[in-house]
Every structure is written in structure tokens, then in C-alpha cells.
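Single-letter residue listing:
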Amino acid sequence: MADFDVVVLGSGPGGQKAAIAAAKLGRRVAIVEKRNMIGGVCINTGTIPSKTLREAVLYLTGLNQRELYGASYRVKDDITVADLGMRTQHVIGREVQVIRSQLARNRVTVLQGTGRFLDEHTIGVTGEEEEKKVSADKIVIATGTSPARPSSVEFDDRTVIDSDAILHLDKVPETLVVVGAGVIGIEYASMFAALGTKVTVVERRERMLEFCDLEIVEALKYHLRDLAVTFRFGENVAAVERRPRGALTLLESGKKIPADCVMYSAGRQGKTAELNLEAAGLTADDRGRIKVDENYATEVPHIYAVGDVIGFPALAATSMEQGRLAAQHACGEPAGDLHDLPPIGIYTIPEISFVGKSEDELTRDKVPFEVGISRYRELARGQIIGDSYGMLKLLVSSEDRRLLGVHVFGTQATELVHIGQTVMGCGGTVDYLVNAVFNYPTLAESYKVAALDAMNKMRTVARLTAEM
């Protein structure tokens, strides 16, 4: 008889939910995690620290209040790393306590150490003492990812860093080069720009956040430029030279960018190198990712993988659901499918969120649609909070008036998007939003304004078409 029914490798969002779901089904469950990494990358170096840092930046800089109180408004003039870190460490500590409590309450055994396969049913756990062997009927891999570090770059965690090390800088840099304009790169670029750092973003592609609505991305670029961010699109980094007072970034075009610090945001690498996958009959691709089927089972049927280690969409929210569904399937319980309308949230300053299709995708697929837009400056709530730049965009089918996409830019974007997600998930049309009553004054009211805008445009097109 195996030691456990289910052993989960990793305690991030996916692993944590897989372990608890299996425990709720009455299984004997263990979770393997390093002593100082309960909650995984999400809690300790990724999502939670970065989003907490963002809140600290917004509060201490008074950025959101400057529309009302003037460009010189500050809550604190000389913001230090200690100021930012205090809030971050507080939240991390609380979240770790919550996770430990949930695991204990559900009788999940925590095995402290690093896990690796000894065979397809046995895990070796190396902690402070000698390796301990545990066997399991089912195994879930939820080891997550780490920042990819190009071999051509000499990282020193002080002047040439990745997104993990940026949380441990000893001071706020006066100048910063961010290599890579993906989600993580742009989030940190916007945070440090808000702190007053002069940021230069270098991106080899011609635009950033290619999966986002172009109009929304252009609005973000405008605001980042307003925070003195410089963009170098279509540029490749030839070399980074460490100097006594910082680093010099050399671009292939011949440009030289001196800065206190260079942050590489070159994607993420699956944390599978230490797992000894071969012993279990598994392999990972060149980015450390593991292939799974629709039930998150690997090529070895009793071994599952969830979260960032399986690749796209690599979001904490989707990882949680993958973990739950994988555990249900592993325990022989009926499991549904992951909903096909996951929202995307990007915690830049200002933030972006969307669900469904973009204008480019609908145009490419030859789907007729109309656009309805609401701008925060037209809303009483927008004036109250001092957000004159935010906007909400609805993409509505011209044929049956269903919502096809919702795109939000500005304050509370990542919260607001869920209203549209719910309407879309229920197959709702723009008529519901036109006739619904929203609290006043709220930002949610933007849905009604945008719905009326789309409806009026469709009526105008219909009338003019009939008159022709």
C-alpha cells in the first residue's frame, strides 16, 4: 500500500488547490515544498509581492490623487525600499499563514524539502536531513516556473537582475532599463516610473502586449510616456556591460543606454530540471514545460501536471482551477472543463483587463461587430476618484447582439471585467446591460453607458442602411 493516495509537488496556486480538493474527497494527501517557499512563487516572489508593491507605490506616491490635488502631490517625498518592502512582507506573511492553516485544517501533510522522482510512484524528498522516500498512487506536478536567464547575460542580482531579484534591490534606482515588454516587464516598468525612476523599455518586437486590444495598449503607452518611460521597439540587446556605477546596455543598432540597473524580463522557465522526470518516464520541452491532456494527465496516466509548468495561460487564477480539476479526475470524481472565458488582468499603472475577443481577432475571423465605449471622465465616479483617462470597451455582435469581448483600461479594470465575463458566460446580450440598473455613482455604470453607445450605433447603421 502506498504512503499516500495523492502527492503534490509544489504549494503554489495549482498545487495548493489540487491538494485541498483531493483531501476534501477523503484521500490521504501530502504536499512537497521547500521550508521557505510555502505558497510557491506566487506568494513569495511573484504575483502577491508584485501586486502588493504596486499598491504601496500607488499609495506612497499619491499618483491616483494628482488629478485632484495637483502634479506635485505626494504622500511621502523620499520613498525607500524599506517603505515598499514593509507592506509586501506583511502581506506575504499573512498569506503564508492562511495557506498553512488551510492545509492543516484539511489534514494535508506538508513534506518540507525538494522533491524528485525515484520511479513513477516514488518521490524522494531532500530537506535538511537525508532524503526521505514517499510513495503515492497519484502524483500532481505543480512546480511552477522561474525567470528565464539568457546564458549570454551575466546576472549579479544587483545591477543586472531578473524579476525575482528586483524585489530585493537595496534602493530605488534613479534609472532602469527593462529588457522585454511582456506582462512582467511592463508591470515593473510602470511601477518604477511611478516612483520617479527614469525607465527605458527595450523590446525586439514592434509593439508590446500583442495579445491586448491595440487601442488599450496605445492608451497605456501614452500614460507610461507621461511618466517619462522611453520605449525602444524593434531593438535587440547586443550586450550589457557592468560598470562601477551601474550597467551600460548596448543595442544592436548602436545605441548605448547607461542605467543604475538592468532588469531582464525574458519569459519564464518551467522548474522541472531538479525533478528527475526520466525516472518517471516523462520529459519536458526546452522551456521546461510538461505536456498534458484535457484532464491535465501527462503521458504517464497517474501523473498530472498543472499551473505554469504546463505553459499557457500561466495565470494564478487558471492554475487554481487546473489543480482542482486535475485532483478530481485523479480521484475518479466527475470533473468539468475549464471555462473558456478566462479573464486576463495586467497590473500595470493604470491597469488593463479583458475577456473574450479583440477587434483584431474578430476582423480576422470576419465576424461583424459594433463597438461601444464608455470613458471614466463621463462618469460621476470617474470624477470623484480623479480618473479621467479610464475607459471600457464592449465588442457586440451586429447579428445577435451577444457580447464578444470586454476590454477595460484604468482604475479597478481587473475587478470590472468580471461583470462582462458573467454576462458573456451566460450567453447574455447587450440588451441586458442597456436595461440593467447599476448603482450610482460607480465605475460599473460604464457598462450601461458603453452598451447604450453600441446599441445607438447599431440602430443608426440599420436606419441608414434601410434608407439607402
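In the block above lies the structure referred to throughout.
Residue positions are given per chain, counted from 1 along the sequence in the order it is written. Given that this is a predicted model, residues contribute local features only at a pLDDT of at least 70 and side-chain atom pairs are listed and counted only at 80 or more, while totals for whole chains, interfaces and linings are drawn from all residues. Values shown for side chains rest on all heavy atoms present in the structure; no hydrogens or waters enter the calculation.

Enquirer: Can you lay out the side chain of D162 for me, pointing to particular residues and giving the numbers?
Expert: Residue position: D162 is located in the loop between β8 (160–161) and β9 (175–179). Partly exposed residues are those whose accessible area sits between 20% and 50% of the maximum for their type, while under 20% is buried and over 50% is exposed, using a 1.4 Å probe and protein chains only. You can call D162 buried: its relative accessible area is 5%. A 3.5 Å cut-off defines polar contacts: any pair of N or O atoms within that distance qualifies, except that in protein one atom must be a possible hydrogen donor and the other a possible acceptor, and neighbouring residues in sequence count only when both atoms are side-chain atoms. From its side chain, D162 meets the backbone nitrogen of D164 in a polar contact 3.0 Å long. Any two residues whose heavy atoms approach within 4.5 Å are treated as being in contact. Ignoring anything within four residues of it in the chain, the contact list for D162 reads P147, R149, F155, M263 and Y264. Working definition: helices are DSSP H or I runs of at least four residues, strands are E runs of at least two. Numbering for both runs from the N terminus.

Enquirer: Let's hear about the pattern of salt bridges: which residues, and what values?
Expert: One side-chain nitrogen of Lys or Arg within 4 Å of one carboxyl oxygen of Asp or Glu is enough to make a salt bridge. This model, assessed by the stated rule, comprises 25 salt bridges. Among the salt bridges present, the one from E55 reaches R54, with a minimum N-O distance of 3.5 Å. With its nearest N and O atoms 3.0 Å apart, the salt bridge here joins D83 to K76. Taking relative accessible area as the criterion, K76 reaches 31% and is therefore assigned partly exposed.

Enquirer: Which residues make up the packing of helix α1 (residues 13–24) against helix α8 (residues 316–330), and what values do they have?
Expert: When two helices pack together, you describe them by how their axes are tilted relative to each other and by the distance separating the axes. Lines fitted to C-alpha atoms define the axes, with helix axes restricted to the stretch in contact, and inter-axis angles between N-to-C directions lie between 0 and 180 degrees. For the pair α1 and α8, interaxial distance at closest approach is 7 Å and the crossing angle is 30°. On the basis of their axis angle, the class for α1 and α8 is roughly parallel. Both α1 and α8 take part in a crossing whose hand is right-handed. Touching P13, G14, K17, A18, A21 and A22 of α1 are A316, S319, M320, G323, R324 and A327, all from α8. Oblique is the label for every angle not falling under 35 degrees (roughly parallel), over 145 degrees (roughly antiparallel), or within 65 to 115 degrees (roughly perpendicular). It is the rotation of the near helix from the far one that decides the hand of a crossing: anticlockwise by less than a right angle makes it left-handed, clockwise makes it right-handed.

Enquirer: How would you explain the nonpolar core if you had to name every residue and give the values?
Expert: Nonpolar side chains in soluble globular proteins tend to end up buried together. Within this scheme, the nonpolar core is defined by two criteria: the residues are buried Ala, Val, Leu, Ile, Met, Phe, Trp, Tyr or Cys, and they are joined through side-chain atoms within 4.5 Å. Membership of the largest hydrophobic core comes to 53 residues, with the highest contact counts inside it found for V7, V8, L9, F117, I123, I141 and I303. Top element by residues in this core is α1. It accounts for 6 residues. When near neighbours in sequence (up to four residues on either side) are disregarded, I141 contacts L9, F117, L275, L277, L282, I290, I303, Y304, A305, V306 and V309. I161, I166, Y188 and F231 belong to the second largest nonpolar core, which has 52 residues in total.

Enquirer: Break down unusual backbone geometry for me, citing the residues and quoting the values.
Expert: Along the chain, I349 connects to P350 via a cis peptide bond; the corresponding omega equals 0°. One can find P350 in the loop between β18 (344–346) and β19 (352–356). Even without being a glycine, N276 presents a positive backbone phi close to 55°. For N276, the location among the structural elements is in the loop between β16 (268–270) and β17 (303–305). N276 sits in the partly exposed class, given a relative accessible area of 26%.

Enquirer: Can you lay out helix α13 (residues 446–467) for me, pointing to particular residues and giving the numbers?
Expert: Here α13 spans 32 Å end to end across 22 residues, near enough to the 32 Å set by a 1.5 Å rise per residue. Tucked into the core, α13 has its buried residues touching β20 (369–375), β21 (391–397), β22 (403–409), α11 (413–425) and α12 (430–435). Multiplying one less than the number of residues by 1.5 Å gives the expected span of a helix.

Enquirer: Residue-level account of the pairing of strand β14 (residues 256–259), with values.
Expert: Burial of β14 is one-sided: the residues I257 and A259 facing one way are buried, the residues K256 and P258 facing the other way are not. At least two bridges found by DSSP between two strands are what make those strands a pair. Bridge count between strand β13 (residues 246–251) and β14: 4 bridges; the pairing is antiparallel. Bridging across to β14, L248 finds its partner in P258. The loop that links β13 with its antiparallel partner β14 comprises 4 residues; one of these, G254, has a positive phi angle of about 100°.

Enquirer: Any chance you could break down the sheet that holds β18 for me, citing the residues and the numbers?
Expert: Taken in spatial order, the 5 strands make up an open sheet running β18-β19-β22-β21-β20, and their pairing is antiparallel. Each end of this open sheet is capped by a strand with a single partner; those strands are β18 and β20. Across the sheet, the mean angle separating the axes of adjacent strands is 10° when strand polarity is ignored. For β20 and β21, the ladder comprises 7 bridges, and the chain directions are antiparallel. Looking across to β21, one finds that I373 is bridged to K393.

Enquirer: Could you give me a rundown of the sheet that holds β9, with the residues and numbers involved?
Expert: The parallel open sheet is built from 5 strands, whose spatial order is β8-β15-β9-β10-β11. Each of the sheet's edge strands pairs with one partner strand only, and the pair in question is β8 and β11 (230–233). Bridge count between β9 and strand β15 (residues 261–264): 4 bridges; the pairing is parallel. Bridge pairing links L176 to C261 in β15. Of the strands in this sheet, β9, β10 (198–203), β11 and β15 are in contact with helix α6 (residues 183–194), which crosses β10 at around 165°.

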